[in-house]
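Single-letter residue listing:
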Amino acid sequence: MGRTFGNKNLTDNDKRAIVVGRQNGLTMMTLAGMFGVTEAGISQFLKRQKAQDGSTNSQRTGRPRTSRTNPRLTAPAIRREVFLNSPSPPSVSTVKRRLNAAGIMGRRPVKKPLISEKNRAARVKWAKEHLNWTRQDWNKILWSDESKFLLFGSDGIQWVRSCMVWGAFSGSGIGPLHRVNGIMDKHVYKDILQNQMLPHLRAMGRGSVYQQDNDPKHTSLFVKDWFKSRRVNVMGWPSQSPDLNPIEHLWEELERRCANKRAKNCNEKFAQLLSEWNQIPMSTIDTLLNSMQRRCQAVIDARGFATKY
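Worth saying up front: this structure is predicted, and the values here are computed from it rather than measured.

A.B. asks: I'm lost on the overall build of the protein in this one. Help?
C.D. replies: Looking only at helices and strands, the protein features 13 helices and 6 strands. Expressed as a percentage of the 309 residues in the protein, the buried residues total 46%. Taking all contacts inside the protein whose residues are at least 6 apart in sequence as the whole, residues at least 24 apart take part in 69%. Surface exposure of the protein reaches about 16200 Å², of which carbon and sulfur atoms provide 49%.

A.B. asks: I keep staring at the environment of Leu274 and nothing clicks. Help me out?
C.D. replies: Counting through the fold element by element, Leu274 comes out in helix α11 (residues 266-277). Separated by 95 residues in sequence, Leu274 and Arg179 place their C-alpha atoms 9.2 Å apart.

A.B. asks: It is not clear to me how the packing of helix α6 (residues 117-130) against helix α13 (residues 292-301) should be interpreted in this structure. Could you clarify?
C.D. replies: For any two helices packed against each other, the geometry comes down to the angle between their axes and how far apart the axes lie. It is the contact of α6 with α13, at a shortest axis distance of 8 Å, that shows an interaxial angle of 140°. What the angle tells us is that α6 and α13 run oblique. Note that α6 runs across α13; the crossing there is left-handed. Only Met292, Cys296, Val299 and Ile300 of α13 make contact with α6, whose side of the interface consists of Arg123, Val124, Trp126, Ala127, Lys128 and His130. Residues belonging to the contact of α6 with α13 are distributed by class as follows: 7 nonpolar, 1 polar and 2 charged.

A.B. asks: Would you take a moment to explain the nonpolar core for this structure?
C.D. replies: Among the nonpolar cores identified, the biggest contains 33 residues, and Trp126, Trp143, Val165, Phe169, Leu250, Trp251 and Leu273 are the most heavily contacted of them. Elements with a minimum of two residues in this core: α6, β3 (141-152), β4 (160-170), α10 (247-257), α11, α12 (282-290) and α13. Look past the residues within four positions of Leu250 in its chain and what remains in contact with it is Phe169, Ile174, Trp277, Ile280, Thr284, Ile285 and Leu288. Core analysis: the next-biggest nonpolar cluster, separate from the first, contains 17 residues, Tyr189, Leu193, Leu201 and Phe227 among them.

A.B. asks: Before we go on, may I ask you to explain the side chain of Lys269 in this structure?
C.D. replies: In this fold, Lys269 is placed in helix α11. Buried charged residue Lys269 carries no salt bridge. Nearest counter-charge: Glu255, at 7.8 Å. Non-local contacts of Lys269, meaning those with residues more than four positions away in its chain, are made with Phe149, Leu150, Leu151, Cys163, Cys258, Lys261 and Ala263.

The rules behind the values
Residues numbered from 1 in each chain as written. Predicted model: local features only at pLDDT ≥ 70, side-chain atom pairs only at ≥ 80, totals over all residues. Heavy atoms only, no water. Helix = DSSP H or I, 4+ residues; strand = E, 2+ residues; numbered from the N terminus. Buried < 20%, exposed > 50% of the residue type's maximum accessible area, 1.4 Å probe, protein only. Contact = heavy atoms within 4.5 Å. Areas by Shrake-Rupley, 256 points an atom, 1.4 Å probe, with all protein chains shown as cover. Axes fitted to C-alpha atoms, helices over the stretch in contact; angles between N-to-C directions. Parallel < 35°, antiparallel > 145°, perpendicular 65-115°, else oblique. Left-handed = near helix turned anticlockwise from the far one by under 90°. Nonpolar A, V, L, I, M, F, W, Y, C, P; charged D, E, K, R; others polar. Core = buried A, V, L, I, M, F, W, Y, C linked by side-chain atoms within 4.5 Å. Lys, Arg positive; Asp, Glu negative; His and termini not counted. Salt bridge = Lys/Arg side-chain N within 4 Å of Asp/Glu carboxyl O.

Next up, the structure:
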């Protein structure tokens, strides 16, 4: 029998789900709506839990991906994350009904001018310059990015952890996927470039170009000198432009493929990611690269603001 929350008894699985949900950024109101209890009941439970073993805060590492934090969490994402290890998770429609009953309605987020005027202008300029590129042009680009994937431990509390990876792909198919151990700084990044990126770029042939975003470690003088010494052509890239990088959708595809796979540690999680990464079909690559003209046009039409991609 679970502890009583007002007029509702919650099971141990419910209580573990509340802890995980709170760790992933869900509000008291959201949790109350999902489990049919009061916000005060949720708050009191979490305070008791913290007093007992600190489970609401301890051993939390990493930062949840933006797409996974409140208020943009979708009902399927809530179900997947909060009820990952539940023997009988509720349906997506049940999660939606509980949220709606609590007055938490899904609405399209208002577009806000988060992209600076300077960066909007750079985005439009880049989009216009590449609008008429052919598929053969895009095939020469080696797209890259880093991403974090959440995993859950199996110690009964389901601590939230993450596994960070660097990956790349091109018009010839899936490229390398590399697990990042420790802090990703310019030295770690240079080693990835030397041992993972460069062999793949060379294999792509003459005229190949490497793409990266403008993260400080990517654009440091240390890394720029390395590119120059290796004669690596690096694509100019407008800041704040994840919607122009098709690898973002490849990360989403990888996340979907691994959504129902449990991992006890980072080694096991990376093995799952690598296995699924290598099984992504060429048809997915074709779809992403064939979307580049539409992505460029969308940025132009949006005058440099963020697009749906």
